Amino acid sequence: MSSSTIAVEQGRETGSKPQPGPILLLGAPGVGKGTQAKELVKLWGIPQISTGDLLRANVARGTALGRAAKELMGRGELVPDSLVNEMVAARLKEPDAVNGYILDGFPRTLGQAHWLDGRLASEGQVLPVIAVSIQVDYNQLLRRITGRRNCPVCASIYNLFMNPPRRDGFCDVESAALVQRADDTEQVFKERMRAYAGLTAPVVDHYRALGRFAEVDGDRPIAAIAAGIVTAVERLRK
Ligand code: AMP
């Protein structure tokens, strides 16, 4: 077991909560940002803020934002910065975000990154943001996306190829019938990858240039990736 894996396990056992501050999880669709965010929530006790989840919740509730976002999301295109930034601004004001948060899927454009940088600077955040990009190759991502199934009750994530539920089609925890996201098809995946390469890759370069950036190999067991992220964050916080 690596030292950082031990750190993850010890964090769980003792409930120790080092303050990591704001963390950005970057990476192409399907690299495991959501899965890793949930691991880090358990370890650090700061919330996961997934813009994809927040947008899907707005679509499900039929809000004005949800109505504006629905078609774009269905096509694998990005929702306009102004709408997403406003949604994130509201979420960051909630009290659970005061000691830090894990932004999962945001920022996805340079406009969003500059907005976030400006916002953090104006708030005089004690800890600067750290960006971690998870890397997985294209064919692996395709399998992950097309095999992904979610529990609508507890949000557990499965994969038909790599992490199937014990009973085909049903959640291990809730026994609910698993669902597939409408945008987890091969065709929409390709559009999401185009959006990633064109709009999100420059965000990675932005944080790399600021020197508060790490890349981790996402083609490993979940705990090993989480340990890699923890090690990177600890190194960058020194
Ligand atoms: P995700 O769950 O992160 O894969 O996001 C699903 C979809 O929500 C994306 O394909 C976009 O249409 C939209 N979305 C999520 N986050 C953002 C963001 N930061 N900016 C613009 N659109 C987003």
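Our subject is the structure listed above.
Residues numbered from 1 in each chain as written. Predicted model: local features only at pLDDT ≥ 70, side-chain atom pairs only at ≥ 80, totals over all residues. Heavy atoms only, no water.

1. Here we look at the pattern of salt bridges
- The full count for this structure, using the stated rule, is 15 salt bridges.
- With its nearest N and O atoms 3.1 Å apart, the salt bridge here joins Arg 192 to Asp 184. Taken individually, Arg 192 and Asp 184 each receive the classification buried, so the pair is uniform in this respect.
- As a salt-bridge pair, Lys 190 and Glu 186 come within 3.4 Å of each other at their nearest N and O atoms. Linking Lys 190 with Glu 186, this pair stays in helix α8 (residues 186-210), spanning 4 residues, or about one helical turn.
- Lys 190 gets classed as partly exposed once you look at its relative accessible area, which sits at 36%.
- For Glu 186, a relative accessible area of 38% gives the class partly exposed. (Salt bridge = Lys/Arg side-chain N within 4 Å of Asp/Glu carboxyl O. Buried < 20%, exposed > 50% of the residue type's maximum accessible area, 1.4 Å probe, protein only. Helix = DSSP H or I, 4+ residues; strand = E, 2+ residues; numbered from the N terminus.)

2. Structural notes on the site of the ligand
- Around the ligand, 16 residues are found, and the nearest of them are Thr 51, Arg 56, Glu 77, Gly 105 and Gln 112.
- A distance of 3.0 Å separates an oxygen atom of the ligand from a polar side-chain atom of Arg 56.
- Notes on the ligand: free accessible area 480 Å², of which the protein chains cover 96%.
- The greatest single-element share of the shell around the ligand, amounting to 4 residues, is contributed by helix α3 (residues 51-61). (Near = heavy atom within 4 Å. Polar contact = N/O pair within 3.5 Å; in protein donor to acceptor, adjacent residues only side chain to side chain. Areas by Shrake-Rupley, 256 points an atom, 1.4 Å probe, with all protein chains shown as cover.)

3. As for the side chain of Asp 183
- Checked against the element boundaries, Asp 183 lands in the loop between β6 (157-159) and α8.
- Separated by 3.0 Å, the side chains of Asp 183 and Arg 181 make a polar contact.

4. Structural notes on the packing of α3 against helix α5 (residues 81-92)
- Running from N to C, α3 and α5 cross one another at 100°; their axes reach a closest spacing of 11 Å. In this view, α3 runs roughly perpendicular relative to α5, as classed from their interaxial angle. Counting all contacts with α3, which are made through Thr 51, Leu 54, Leu 55 and Asn 58, the residues of α5 involved are Val 84, Met 87, Val 88 and Arg 91.
- The residue inventory of the contact of α3 with α5, partitioned by class, reads 5 nonpolar, 2 polar and 1 charged. (Axes fitted to C-alpha atoms, helices over the stretch in contact; angles between N-to-C directions. Parallel < 35°, antiparallel > 145°, perpendicular 65-115°, else oblique. Contact = heavy atoms within 4.5 Å. Nonpolar A, V, L, I, M, F, W, Y, C, P; charged D, E, K, R; others polar.)

5. Here's the deal with α8
- Relative to the 36 Å expected for 25 residues at 1.5 Å per residue, α8 spans 34 Å between its end C-alpha atoms, a close match to the ideal helical length.
- At Ala 197, α8 is bent by approximately 40°, the largest bend along its length.
- Positive backbone phi, at 80°, marks Gly 211, one or two positions downstream of α8. (Expected span 1.5 Å × (residues − 1). Bend = angle between axes of the 7 residues up to and from the residue.)

6. Focus: the sheet that holds strand β1 (residues 23-26)
- With parallel pairing, 5 strands are arranged side by side in an open sheet as β2-β3-β1-β4-β7. The open sheet terminates on both sides in strands that have one partner only, identified here as β2 (48-50) and β7 (213-217). Pairwise comparison of adjacent strand axes, ignoring direction, gives a mean angle of 25° for this sheet.
- Strand contacts of helix α2 (residues 33-44): β1, β2, β3 (102-104) and β4 (130-135), with the helix running at about 170° to β3, the strand carrying the most contacts. (Pairing = 2+ DSSP bridges.)

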